[in-house]
Structures are given as structure tokens and as C-alpha cells.
Amino acid sequence: MIKVGYLVSYDYNMLLTSIKQLYNYVDGIFIAIDKDRKTWSGNDFELPQSFFDEIKSFDLKNKIKFYFDSFYVPELTPMECETRERNMLLMKMGKGWLIQLDVDEYIYDFEKVAKYLNKYWYLTLFPKFTPIVFRGKLLTLYRQLPDGYLYIENNENFSFITNQSNYTYTRNNKKVRNHYSNINVIHQSWARTEDEIQMKIKNWGHRDDFDTQQYFEFWRNLSSANYMNYKNVHPIVPEVWNELHFLKSASIDEFIVKYASNNFQELIDINTGKMVKALFNKIIK
């Protein structure tokens, strides 16, 4: 089974764009929401009833489940709160291929990704003996402009799929085998309105890692006319985002279609020899 989990708070309006990419090819979708409407920084957020109504109207196959709990703990840092919530959500998701995405992460051509994961279905039978984490490649959207999107394309990778029931830090689990799958994931990240970016930098896990207001001013002044003058723009590790690109598009949906048409999902197979042996030994015992 393939299951997807989301952590939803102030940026809820991006969720359906992500879900639409994969809805027809997964077995279940889990949406975690703080029951007190608190972010990891302890700030309040609101979810309008229209959000729940829209999800209900979209969910014609009854795949989506909501999970409400207390995910903000004052004694923990935002990153610790994130890791805790992700692990709580993993437990709710059960067994199978467990994917956790942020609401602004879009896996295009998910049918191909689903076939890829289902090819290795046997690794989910006894996950204790076949532990693995899949790492994908991020295409980071940096700025939404009137005529298109600035983005970063530099093979930055991250973990987001596993057959395990816990993470050690955010979505990472470096205690088990990490396989680079080459799955492309479009991350809307900084391509939001100015108000949304202000909300993001005040509440996300990296809130205390850099001068957020100074960086916001730099970001706000970028345009399709001057972006090529700037290099190394990541707020914490500058060289990670070494170069900006521009793709003309009128909406996020158009960007996804245009980018996907020239960048196919070319997935890297797993050498499962040792894991298959461990699984075989478990079965015959």
C-alpha cells in the first residue's frame, strides 16, 4: 500500500495542488492538524470551514482522513515539534510505503512513481528486516512573479518515503539505508505572497537560523529583469541555491505541466540483494 501524510497549518491553501498530483494512485491520505490551531512556534492559525468542505467535495473515493492532536509543545523547539508531529503521523499511517509531504510539495507524474514503489512491495512485509528511506530531488520555486516563476535546480535531495515507523530528525532517518531514487519533487517553498512568506518565516522550523527580515527584503526585490545578477541565495547555506532560473507561466498548475514536459521522472532502481536475503531468512523461520 502507498500512503501519504501531510502536516497542515497556515499554508493549507496549497494542499489540494499537491493531493491532485497523486490522489488516483495512492491508497490513503492522512492530514494532521493541531487541534488547538497552534504552529510549532506556538502562534495561532485559522482553518476556514471552506477548507474542509473543499477537501470533502474532492475526496470522491474516501481516501482522506483527518488526524487532530496537540502538536505544539512549549518546551520543544520548532524543529523538535516538527519531528514529534511527523512521528505521531507515521504511527497513524500504519504499514506500507509511507510518504510524508509538505503541502507545497508536488510530485508530478505520480503514476510512474507509484509503479516504481509497487515494484518493491515485498520490502514493506517485514520492514524491521528491510529498512529503507527513499530520497528525492527538489526543484525549489523561489519567487512568483507577474510573468512566471524563479526557481532553483541543483540536485538538492531530501528524504520523504520510508517503510519505517519513525524518523530521527524531521523526515530523516540516517540509521537505515538511504536510497537516492531521483524522484523529482516541485517545492513551492518561497514562491508565495509577501504575507504568506512573512507567516512562513515566523513559524517554520528554521525561524531562529538567520535574519529573516533582512532576507525577506532581498527576496522581495527580485524580478525577472534582475534575478540573473544574484548567486548563492540560500538563507542558511548560500551555495546550496547557487543559481536562479526563470520559467514563464501564469499559474502553479501551468508551471508543473511545463516543467514536467521537459523533465521526466527517471527513477533509479534499488539493489535489493541483501534486503531480499534478510527477508527470505525471516520467512523461512
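On a predicted model such as this, the values are computed, not experimentally measured, just so you know.

Scoring rules and cut-offs
- Residues numbered from 1 in each chain as written.
- Predicted model: local features only at pLDDT ≥ 70, side-chain atom pairs only at ≥ 80, totals over all residues.
- Heavy atoms only, no water.
- Helix = DSSP H or I, 4+ residues; strand = E, 2+ residues; numbered from the N terminus.
- Rg over C-alpha atoms; globule rule 2.2 N^0.38 Å.
- Buried < 20%, exposed > 50% of the residue type's maximum accessible area, 1.4 Å probe, protein only.
- Contact = heavy atoms within 4.5 Å.
- Areas by Shrake-Rupley, 256 points an atom, 1.4 Å probe, with all protein chains shown as cover.
- Lys, Arg positive; Asp, Glu negative; His and termini not counted.
- Charge placed at Lys NZ, Arg CZ, Asp CG, Glu CD.
- Salt bridge = Lys/Arg side-chain N within 4 Å of Asp/Glu carboxyl O.

Looking only at helices and strands, the protein chain features eight helices and nine strands. Taken over the C-alpha trace, the protein chain has a radius of gyration of 19 Å; the compact-globule value for 285 residues is 19 Å, and the two agree within 12%. Along the longest, intermediate and shortest principal axes, the C-alpha atoms of the protein chain span 65 × 40 × 40 Å. For the protein chain, the residues scored as buried account for 54% of the 285 residues in total. Once local pairs closer than 6 in sequence are excluded, the contacts in the protein chain between residues at least 24 apart make up 75%. Of the roughly 13,800 Å² that the protein chain leaves accessible, carbon and sulfur atoms contribute 50%. Placing the 36 positive and 35 negative side-chain charges of the protein chain at their respective mean positions leaves the two points 10 Å apart.

Before going further, it helps to spend a moment on the environment of Thr130. Its location among the elements puts Thr130 in the loop between helix H4 (110-118) and strand S6 (132-145). The exposure class assigned to Thr130 is buried, which follows from its relative accessible area of 0%. When the C-alpha positions of Thr130 and Glu46 are compared, they lie 41 Å apart, and in sequence the two are 84 residues distant.

Tallying each qualifying case throughout the model produces 13 salt bridges. Here Arg192 makes a salt bridge to Asp11, at a shortest N to O gap of 3.2 Å. Highlighted residues: Arg192 in the loop between strand S8 (177-187) and helix H5 (194-203) and Asp11 in the loop between strand S1 (2-8) and helix H1 (15-22), separated in sequence by 181 residues. You'll find Arg192 and Asp11 in the same group, each marked buried. A salt bridge links Glu243 to Lys231; the nearest nitrogen and oxygen atoms lie 3.6 Å apart. Separated by twelve residues along the polypeptide, Glu243 in the loop between helix H6 (212-220) and strand S9 (245-248) and Lys231 in the loop between H6 and S9 bring together distant segments of the chain.

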